[in-house]
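# Tertiary structure, described
Each chain is listed here by its residues.
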Amino acid sequence: MHRLSRPSVSYVLRHGAARYRNAAAPISSTSALYDTVGDMDAKQRWYSVLTSGKHAASNSLTQLNLKSNLSLGSRYESTAAASDSSATPPAERYEYQAEVSRLMDLIVNSLYSNKEVFLRELISNASDALDKLRFLSVTEPELLKDAADLDIRIQTDKDNGIVTITDTGIGMTRKELIDCLGTIAQSGTAKFLKALKDSKDAGGDNNLIGQFGVGFYSAFLVADRVVVSTKSPKSDKQFVWEGEANASAYTIREETNHENLIPRGTRLTLYLKRDDKGYAHPERIQKLVKNYSQFVSFPIYTWQEKGYTKEVEVDEDPAEAKKDDQGETAEKKKKTKTVVEKYWDWELTNETQPIWLRSPKDVTTEEYNEFYKKTFNEYLDPLASSHFTTEGEVEFRSILYIPAISPSGKDDLVNPKTKNIRLHVKRVFISDDFDGELFPRYLSFVKGVVDSNDLPLNVSREILQESRIVRIMRKRLVRKAFDMILGLSLSENREDYEKFWDNFGKYLKLGCIEDRENHKRIAPLLRFFSSQSEEEMISLDEYVENMKPEQKNIYYIASDSLTSAKNTPFLEKLLEKDLEVLFLVDPIDEVAIQNLKSFKEKNFVDISKEDLDLGDKNEEKEREIKQEFGQTCDWIKKRLGDKVASVQISNRLSSSPCVLVSGKFGWSANMERLMKSQTIGDTSSLEYMRGRRVFEINPEHPIIKNLNAASRSNPDDEDALRAIDLLYDTALVSSGYTVKMANTKLRTLPFYNQPDNPAQLGGKIYEMMDMALSGKWSTPVAFQQPSANPGKPETLEAEVVEPVEAGGQK
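Definitions and cut-offs
Residues numbered from 1 in each chain as written. Predicted model: local features only at pLDDT ≥ 70, side-chain atom pairs only at ≥ 80, totals over all residues. Heavy atoms only, no water. UniProt positions renumbered as here; feature names shortened; annotations may be inferred. Pairing = 2+ DSSP bridges. Helix = DSSP H or I, 4+ residues; strand = E, 2+ residues; numbered from the N terminus. Axes fitted to C-alpha atoms, helices over the stretch in contact; angles between N-to-C directions. Contact = heavy atoms within 4.5 Å. Parallel < 35°, antiparallel > 145°, perpendicular 65-115°, else oblique. Left-handed = near helix turned anticlockwise from the far one by under 90°. Nonpolar A, V, L, I, M, F, W, Y, C, P; charged D, E, K, R; others polar. Phe/Tyr/Trp six-rings, centres within 6.5 Å; stacked < 30°, edge-to-face > 60°. Lys NZ or Arg CZ within 6 Å of the ring centre and 35° of its normal.

Per an unreviewed UniProt entry, the recorded name for the protein is Heat shock protein Hsp90 family, and the organism is Trema orientale. What the UniProt record of the protein gives under Sequence similarities (unreviewed entry) is the line "Belongs to the heat shock protein 90 family."

Put into structure tokens, the structure is as follows:
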């Protein structure tokens, strides 16, 4: 936690409230109410003003709390009566000083988007007045001569729709009333801050909240009429400011009613509009204080109804009493019942020490978890937390958490607005509704609190302004979030990170797509299955450690399931060479890896794309194979036509006769399948985006050798041409493409979707073709050799010739 290098007045401003805060206690505390006999009368007058105008000073606290007619109505009636008295000086009328005559209407109807922030603004102003008094009292101790505690008290009258906010701060003189409340958008706090900065002894630090000068006018969001009664310790008189909504003028008069006099400070009385009288309920006021002003550094008391239980006697029923008289030995006992006695009293509503202002060394894990559950309404402990203070160009304090489970809603991954980060400015809650200003969308699962003293807000404090400070804050918050996740991944308890990955792995993959600047932070956190780790996910660091010395790339295959990935024909040669291949089985995986491009100077390579280089090229052997099978490749390309871009010799196959690979810069089979699934059956718009397909053949496979013989001896043979068509359709399935097989003998099978294990299906078809085509187009000697045995010609004819003749056209 940041500490000043030397004691200063600014340090007193920030930390000096402890002795006053400790003295602030509910009114029910006799010791707090009557500290000394000498100031008893002042205390009685002070609290009688807060409770009721008719209430006289009394030494009995119980009588004060339980008085049945303790209400706000009588106090306001006495105020009205005092103003009508002939002894009261006439109120003077003033016009608002503003460049625009309807600026008040603009403030009320346009500046604030949420009515309930009026209480936040007024409490912030009251906190400023208390802070200012505390600061000035260091050099002018006589300002605290009234000995009233530094606190804020809020009282409501739900029957009449009245809210009263009273603080014991610096108060205002008549001139200050005209300057601060008569001139819209002029802030006394801003002037005080300017004087603070100009003072050589004050230092640059401050802790005052309101600087815009329009916070007071937020009262007119909910009130038709506002009355401000204020008493400055620098003045012997108390003045009353009164204004109405949509009015062009206000009045100021001197307070002469002794029942309404206060020793020091300001009392705001809000007469609520008809539609907003719900804000006068004590429970709602208490809820708003806890939400917006929970961590204001001064005690905030609200006037709440309370109760205690007691036993009371019950009158006996005459019939039961008669029965009791008949019993000679029965002992007569008085009947009682338990009742709840209601009374009103002050209740401390806020916590004056936020957890994030404490040193991390002084906060236990249980306290962090309790704060997390209470703030974000969670029932499980977080997986990890990070408590830090950032200093330098931008200073702010923050606590970040990683939840134990992902949110139940499915829209959070794509919804840029989240409510997981609660922004405070000088401990006053501002908002939790952001559009990516503080955290990027892919980190929206991170929850936490951010408190800054110099965050640039708009005049209503509700919208962050795009600025260099906001960008710096965002970068540092993101960096701390990644440090927290990385620490979790390096934890000895591997299950914690597995739980995190199951819940939030998709978010990090989205970060690969949206945040190029943080690729180096995201990549080590990714986890995938692989050909050498099908049961447990591995990191990219672990993959690189297991790479072969001669291996230059990181290989991967994208598929719809782990079963399909580990049985794909693309793996054959890589498994033979013991090269590990990552299995990307999540729909977002392939796009994430393509955006990542490389990791530790190792490029990601899709083994289903053309021009796969496994580092074992033999140019002389390849030249011989191309010379031998060149004619066959041209013959197959002629038959398939525009279905494929080319036919090539494969270096990735060992057991399969052929495979259909994607173009180097086109969609893979997995991506094409995903895109088709999003078009609701209409694939016409995707035809022009489909990647080029390359048909690769395995020259070592018997089927390809037979077709090579057919291309030389009988290229127009119908059986050979049908075999090419069947090979192509089967390669579509085994390579991961969705297909409806046609123009083959298997055209009745509805292969509209990829089967669970396409490689297994393809293997069965290739086995049948191998049996059917074995030796059919070989040399005459080899071809006639089986006929020497008179027992087998019919079998050969039944397997190959008869079905072809039956299905062929004459």
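There's plenty left to go through after this.
Strand order in the open sheet formed by 5 strands is β10-β11-β14-β12-β13, with mixed pairing between adjacent strands. Looking at the sheet topology across the chains shown, the edges are occupied by β10 (384-390) and β13 (428-431). Across the sheet, the mean angle from the axis of one strand to that of its neighbour is 20 degrees, orientation sign disregarded. With 3 bridges joining them, strand β12 (residues 421-425) and β13 adopt antiparallel strand pairing. Its bridge partner being in β13, H424 is matched across the sheet by F429. Across the face of the sheet, helix α14 (residues 468-489) comes into contact with β10, β11 (396-402) and β14 (447-452) while running at roughly 40 degrees to β11.

Before going further, it helps to spend a moment on the packing of α14 against helix α15 (residues 494-514). The description of two packed helices rests on the angle between their axes and on the distance between the axes. Where α14 contacts α15, the axes come no closer than 10 Å and their chain directions differ by 140 degrees. Taken together, the axes of α14 and α15 are oblique relative to one another. Handedness of the α14/α15 crossing: left-handed. Residues F482, I485, L488 and S489 of α14 form the contact with α15, whose own contacting residues are D496, Y497, F500 and L508. Here the contact of α14 with α15 is composed, by residue class, of 6 nonpolar, 1 polar and 1 charged.

Whenever strands of a sheet pair, they do so through backbone hydrogen bonds, lying parallel or antiparallel. The strand order across the open sheet formed by 6 strands is β16-β15-β18-β17-β20-β19, and the pairing between neighbours is mixed. Among the strands making up the open sheet, the edge pair consists of β16 (533-539) and β19 (598-599). Judged from the 4 bridges that link them, strand β17 (residues 553-558) and strand β18 (residues 581-584) form a sheet pairing that is parallel. Within β18, the position partnered with I557 by the bridge is F583.

Of note in the backbone geometry, D578 takes a positive phi value of approximately 60 degrees without being a glycine. For D578, the location among the structural elements is in the loop between α19 (572-576) and β18. Even without being a glycine, K597 presents a positive backbone phi close to 70 degrees. Structurally, K597 can be placed in the loop between α20 (589-596) and β19.

Looking now at the packing of aromatic side chains. Applying the stated criterion to the full structure yields 21 aromatic pairs. Aromatic pair F695 and Y728: ring centres 6.4 Å apart, planes at 50 degrees, arrangement tilted. Residue F695 is found in strand β23 (residues 693-697), and its partner Y728 is found in helix α24 (residues 718-734); the two are separated by 33 residues along the sequence. Chaining the aromatic ring pairs together yields one cluster made of F445, Y497, F500, F504 and Y507. Over the ring of W346 we find R153; its NZ or CZ atom is 5.1 Å from the centre of that ring. R225 extends its terminal NZ or CZ atom over the ring of Y271, reaching a point 4.0 Å from the ring centre.

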